[in-house]
Amino acid sequence: MTSLKKILKKKKYIKIKLEKMVTNHLQVKASINGVKGRFILDTGASNSCVDLDLITFFNLDAQESETKAAGAGATNMETLQSDDNHLKIEDWQTKKCHLVLFNLEHVNKALSDHNAEDVHGIIGADILEKGKAFIDYDKKYLYLKKPRKGK
């Protein structure tokens, strides 16, 4: 029987190591516009997000947004947005990454209450869908399909 790992490699998927945090969240290291950060992998988040305080840190062009954010115990939060960002997760990348920017203080407070490191943001379902993601929860790997040239 052929393993999933071999099938995904043959289909040109990139294998990315995930870290399990003390909170049981899965964390992935990524860079936005060439700046490295730590992100929670969240299949339930519709959009990838970055903390509002990190606009300059990640060289983001922030625009107004009518979207209200909700999640992790907070609702109706004001947001900004940033388009056409270069997101890179190991060897997988996109130059058309849309990000929602909002205050992640409540997320990082919950993490610090459990002695976990703060995160810079969240990798959400938008990126997972774009990368045709598979998650191996047992071995802690994310698989993203290598984009075709020009994507």
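Note that the structure is a prediction, hence the values are computed from the model and not measured. (Residues numbered from 1 in each chain as written. Predicted model: local features only at pLDDT ≥ 70, side-chain atom pairs only at ≥ 80, totals over all residues. Heavy atoms only, no water.)

*Asks:* What exactly am I supposed to notice about helix α2 (residues 105-113) here?
*Replies:* Since the α-helix packs 3.6 residues into each turn, any two residues three or four apart lie on the same face. All of the buried residues in α2 are V107, N108 and L111. Mapping the buried residues of α2 onto a view down its axis gives an arc of 90°, with all of them on the same face. In this structure, the buried side of α2 is in contact with β4 (35-41) and β5 (49-51). (Buried < 20%, exposed > 50% of the residue type's maximum accessible area, 1.4 Å probe, protein only. Helix = DSSP H or I, 4+ residues; strand = E, 2+ residues; numbered from the N terminus. Arc of directions from axis to C-beta. Contact = heavy atoms within 4.5 Å.)

*Asks:* For this particular structure, what's the right way to read the environment of T79?
*Replies:* Within the secondary structure layout, T79 lies in strand β7 (residues 74-89). Considering only alpha carbons, one finds T79 and F102, 23 residues apart in sequence, at a separation of 4.8 Å.

*Asks:* Any chance you could explain the sheet that holds strand β11 (residues 141-145) here in plain terms?
*Replies:* Working definition: the strands of a sheet are paired by backbone hydrogen bonds and lie parallel or antiparallel to each other. Strand order in the open sheet formed by three strands is β1-β11-β10, and the pairing between neighbours is antiparallel. Two strands lie at the open edges of the sheet, namely β1 (13-17) and β10 (134-136), each paired on one side alone. On average, each strand axis in the sheet is inclined to that of its neighbour by 20°, with strand direction left out of account. Note: β1 against β11, five bridges, orientation antiparallel. Within β11, the position partnered with K15 by the bridge is Y143. (Pairing = 2+ DSSP bridges. Axes fitted to C-alpha atoms, helices over the stretch in contact; angles between N-to-C directions.)

*Asks:* Would you mind showing me how to read the packing of aromatic side chains here?
*Replies:* What characterises a pair of aromatic rings is the spacing of the ring centres plus the angle enclosed by the ring planes. Counted according to the given criterion, the structure contains four aromatic pairs. Residues Y13 and F134 carry aromatic rings whose centres are separated by 5.6 Å and whose planes lie at 70° to one another, so their mutual orientation is edge-to-face. Taken together, the residues span a long stretch of sequence, with Y13 in strand β1 and F134 in strand β10 at a distance of 121 residues. Residue Y13 is classed as buried on the basis of its relative accessible area of 14%. Classification of F134 as partly exposed rests on a relative accessible area of 37%. Following the ring pairs from residue to residue traces out a cluster consisting of F39, F57 and F58. Over the ring of Y141 we find K15, and its NZ or CZ is 4.2 Å from the ring centre. Stacked on the ring of Y141, the Lys or Arg K17 has its end atom at 4.6 Å from the ring centre. (Phe/Tyr/Trp six-rings, centres within 6.5 Å; stacked < 30°, edge-to-face > 60°. Lys NZ or Arg CZ within 6 Å of the ring centre and 35° of its normal.)

Limitation: the analysis is restricted to geometry and does not speak to function.
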